[in-house]
Amino acid sequence: MITIAGAGLAGLACAYELAQRGAAVTVYERGETPGAGSVARFAGGMLAPWCERESAEAEVITLGSRAFGWWAKVTTVHRRGTLVVAPARDRAELTRFARRTSGNRGVDGAEIGALEPALAGRFAQGLFFEKEAHLDPRRALRDLSAKVQELGVEIRYGAPAPACVTLDCTGMAAPLPALRPVRGEMAILHCPEVEISRTLRLLHPRMPLYLVPRGDGHFMIGGTMIESSSDRAVTLRSLSELLSAAFALHPGFAEAGVVETGAGLRPAFPENLPRLTEQDGTLYLNGLYRHGFLLAPAMAQQAAEHLLPETSDEDHRERQTA
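Residues numbered from 1 in each chain as written. Predicted model: local features only at pLDDT ≥ 70, side-chain atom pairs only at ≥ 80, totals over all residues. Heavy atoms only, no water.

**Overview of the state of the cysteines**
Linking two cysteines covalently through their sulfur atoms gives a disulfide.
At step 1: Summed over the entire model, instances satisfying the criterion amount to 0 disulfides.
At step 2: Left without a disulfide partner, Cys164 is nearest to the cysteine sulfur of Cys169, which lies 14 Å away.
At step 3: We classify Cys164 as exposed; its relative accessible area is 55%. (Disulfide = S-S within 2.5 Å. Buried < 20%, exposed > 50% of the residue type's maximum accessible area, 1.4 Å probe, protein only.)

This is the structure:
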């Protein structure tokens, strides 16, 4: 029996990988729903390894390339790419972004309008990362929870984990000394007047923005990365900058309804890459930082291989295709 503390993104992903390898798994979660206490519920849900390379290590591309197919077996993945734009005054930011990334091609104003008609005439240049994708984080967590239970995993909601578990996936609650919190803030807007079908990134020297469509006229906007342990509500400054950036993307967002705001503490190690750590008889998977949905599949596979070394890759593939 393998026991896991935390039914957030990392815990559920590990349960999925372990159950596929034939393990009996029990997951303990203090909250009452999948990801209830997880920062993943505030995530953008972007599967964007090439964009993330702008500020992340090369491992993000290597590990993140597994995410597309993995998530497609679990939930709906929208493979429409990422469109990166910048106001004319910040064109140098676009050049810098292109230089630090790969997997993109330059697009002019006409192609931007063809990709996203709502942006026609608004931006003269951009970058298109055609292979990237996005998903709805909360739906993905629900779907992943259902998948692991179909595989026989027991999830005990409203139940603190025992003092000793096989695998700890509790984020900032884990007793790992090198872990630090990085605060992220977001808002969900309802604006059916603006139709956007793919992830947009607006480059700005002070605070780059990403906007991810959620369907039915809903959009998630985010972009803050604050070295802070404060878990208070979204600050006025951050919210003002997020909303101003959304308005810069399209003036129609001035009429958007603010459906929800949220803030969460992302667990990160000094190099901003996730780790598997053994401590006092427990294996810890932690430090997903801002790359949770992108890197969780690869890290969960590594955790499963560590805990079940006798399970060969061939055995795993046979179970997946059975």
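**A few points about unusual backbone geometry**
At step 1: One non-glycine residue, Asp280, lies in positive phi territory at about 55°.
At step 2: For Asp280, the position within the fold is in the loop between β15 (275–279) and β16 (282–286).
At step 3: Positive phi, close to 55°, is recorded for Tyr289, a residue that is not glycine.
At step 4: Here Tyr289 shows up in the loop between β16 and α9 (292–307).
At step 5: Given a relative accessible area of 12%, Tyr289 falls into the buried group. (Helix = DSSP H or I, 4+ residues; strand = E, 2+ residues; numbered from the N terminus.)

**Observations concerning the pairing of strand β10 (residues 180–190)**
At step 1: Counting buried positions along β10 gives 9 out of 11 residues, so the element sits mostly inside the fold.
At step 2: Where β10 lies against strand β14 (residues 257–268), 11 bridges are found, and the strand directions are antiparallel. Across the sheet, the residue bridging to Glu185 is Ala263, located in β14.
At step 3: Examined bridge by bridge, β10 and strand β13 (residues 218–222) share 5 bridges and lie antiparallel to one another. Bridge assignment links Met186 to a residue of β13, and that residue is Gly222. (Pairing = 2+ DSSP bridges.)

**Details of the sheet that holds strand β11 (residues 199–202)**
At step 1: Here we have 8 strands laid out as an open sheet, ordered β5-β6-β4-β11-β12-β13-β10-β14, and mixed in their pairing. Sheet topology places β5 (105–108) and β14 at the edges, where each strand pairs with a single neighbour. Across the sheet, the mean angle separating the axes of adjacent strands is 25° when strand polarity is ignored.
At step 2: As paired strands, strand β4 (residues 82–85) and strand β6 (residues 125–129) are joined by 4 bridges and run antiparallel to one another. (Axes fitted to C-alpha atoms, helices over the stretch in contact; angles between N-to-C directions.)

**What about the sheet that holds strand β8 (residues 154–157)?**
What holds strands together in a sheet is hydrogen bonding between their backbones, with the strands either parallel or antiparallel.
At step 1: As summarised here, the arrangement of the 6 strands in space is β8-β2-β1-β9-β16-β15, forming an open sheet in which the pairing is mixed. The sheet is open, and its two edges are formed by β8 and β15, each paired on a single side.
At step 2: The sheet contacts of helix α1 (residues 9–20) involve β1 (2–5), β2 (25–29), β8, β9 (167–168) and β16, and relative to β1 the element is tilted by about 165°.
At step 3: Against the sheet, α9 makes contact with β1, β9, β15 and β16, and its axis sits at roughly 170° relative to β16, the strand it touches most. (Contact = heavy atoms within 4.5 Å.)

**Looking at helix α5 (residues 91–100)**
At step 1: Of the residues making up α5, those classed as buried are Glu93, Leu94 and Phe97. Looking straight down α5, one finds that the buried residues subtend no more than 100° of arc, so they occupy a single side. Set apart from the buried face of α5 by more than 90 degrees, the exposed residues are Ala92 and Arg99.
At step 2: Residues of α5 that are buried make contact with α2 (49–52), β4 and β6. (Arc of directions from axis to C-beta.)

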